[in-house]
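Residue-level structural notes
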Amino acid sequence: MITQNVDDLHERAGSARVCHLHGRLMETKCFADCRGAPTLIAPEAFVNGAQPPPTCPYCGSWLRPNVVWFGEMLALNDLIIAQDAAEECDVMLVVGTSGLVFPAANLPNTAAQNGAAVIEINPEATDISRIANVSLRGPSGTLLPMLLEWVRA
Ligand SMILES: [Zn+2]
């Protein structure tokens, strides 16, 4: 499971191995990038405007959500995991993405170039539609259960 989502809905749905390409909202990291391990913290800690953000237990700098903001690089480790998965998979389901945000948008190309079948699920055509072996048009909440039922039959 490779996701651009920063929430923990995949984990709550039971996915055991999730690669969060754009980070995890439920974790924090240090503004000073002191490389202390990410820590778990309630997101509410950041929304109380009357208080300063929580501080890093390692160096005392402010903490921020452990997500990738616009203009920032993805975490190299997560990118390597995603690239390896794209190179090794037999089938890649590309679900509910515009296919416009790189480098994530290149993962279906990597899978296709390495012989995987690419199945796109999206209400509208995207750049991924050109390389997809199959494009299913509609909301993922409807199509994924149908696909699962078909695979199990
Ligand atoms: Zn720190």
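One can find the structure itself at the top, above this paragraph.
Residues numbered from 1 in each chain as written. Predicted model: local features only at pLDDT ≥ 70, side-chain atom pairs only at ≥ 80, totals over all residues.

Comments concerning the overall build of the protein
Stated precisely, the cut-off is as follows: Each helix is a run of DSSP H or I of at least 4 residues and each strand a run of E of at least 2, with the numbering of both proceeding from the N terminus. A residue is called partly exposed when the number of other C-beta atoms within 10 Å of its own lies between 12 and 20, exposed at 12 or fewer, and buried at 20 or more, with C-beta atoms placed from the backbone. Two residues qualify as a contact pair if the distance between their C-beta atoms, derived from the backbone, is within 7 Å.
Across its full length, the protein carries four helices and eight strands. Taken from N to C terminus, the helices and strands of the protein fall in the order β-α-β-β-β-β-α-β-α-β-β-α. Projected onto its principal axes, the C-alpha positions of the protein cover 55 × 30 × 25 Å. Each of the 153 residues in the protein was classed as buried or not, and the buried ones make up 18%. Sequence separation of 24 or more characterises 46% of the internal contacts of the protein that already satisfy a separation of 6 or more.

What about the nonpolar core?
The condition that has to hold: We call a set of buried Ala, Val, Leu, Ile, Met, Phe, Trp, Tyr and Cys residues a nonpolar core when their C-beta atoms link them within 7 Å.
Ile2, Leu21, Ala82, Ala86, Met92, Val94, Ala104, Leu107, Ala111, Val118, Ile128 and Ala132 together form the largest nonpolar core, which totals twelve residues. For this core, the elements supplying multiple residues, two or more each, are α2 (76–88), β6 (91–95) and α3 (107–113). The residues contacting Ala104, other than those within four sequence positions of it, are Gln4 and Leu21.

A look at the sheet that holds β6
Defined as follows: For two strands to be treated as a pair, DSSP must find no fewer than two bridges joining them. For every element, the axis is a line fit to its C-alpha atoms; helices are fit only across the contacting stretch, and the angle between N-to-C directions ranges from 0 to 180 degrees.
Taken in spatial order, the three strands make up an open sheet running β6-β7-β8, and their pairing is parallel. Whereas interior strands pair on both sides, the edge strands pair on one side only; in this sheet they are β6 and β8 (134–137). Each strand of the sheet is rotated relative to its neighbour by a mean of 15°, with strand direction disregarded. Note: strand β7 (residues 117–122) against β8, four bridges, orientation parallel. Bridging across to β8, Glu120 finds its partner in Ser135.

Digging into helix α4 (residues 140–152)
Stated formally: Given a helix with a known number of residues, its expected span is that number minus one, times 1.5 Å.
Under the 1.5 Å per step criterion, the end-to-end length of α4 is 18 Å for 13 residues, consistent within 8% with the ideal 18 Å. In terms of burial, α4 is largely open, as just zero of its 13 residues are buried.

Considerations on the environment of Arg24
When you line up the elements, Arg24 lands in strand β3 (residues 23–30). Overall, the presence of 20 C-beta atoms within 10 Å leaves Arg24 in the buried class. Sequence separation between Arg24 and Phe102 is 78 residues; the distance between their C-alpha atoms is 18 Å. Setting aside anything within four residues of it in sequence, one finds Arg24 in contact with Val6, Asn66 and Val67.

Observations regarding the environment of Asn122
You can see Asn122 is positioned in strand β7. According to the C-beta neighbour criterion, Asn122 is buried, with 22 such atoms within 10 Å. Taking the C-alpha atoms as reference, Asn122 lies 7.1 Å from Thr97; in sequence the two are 25 residues apart.

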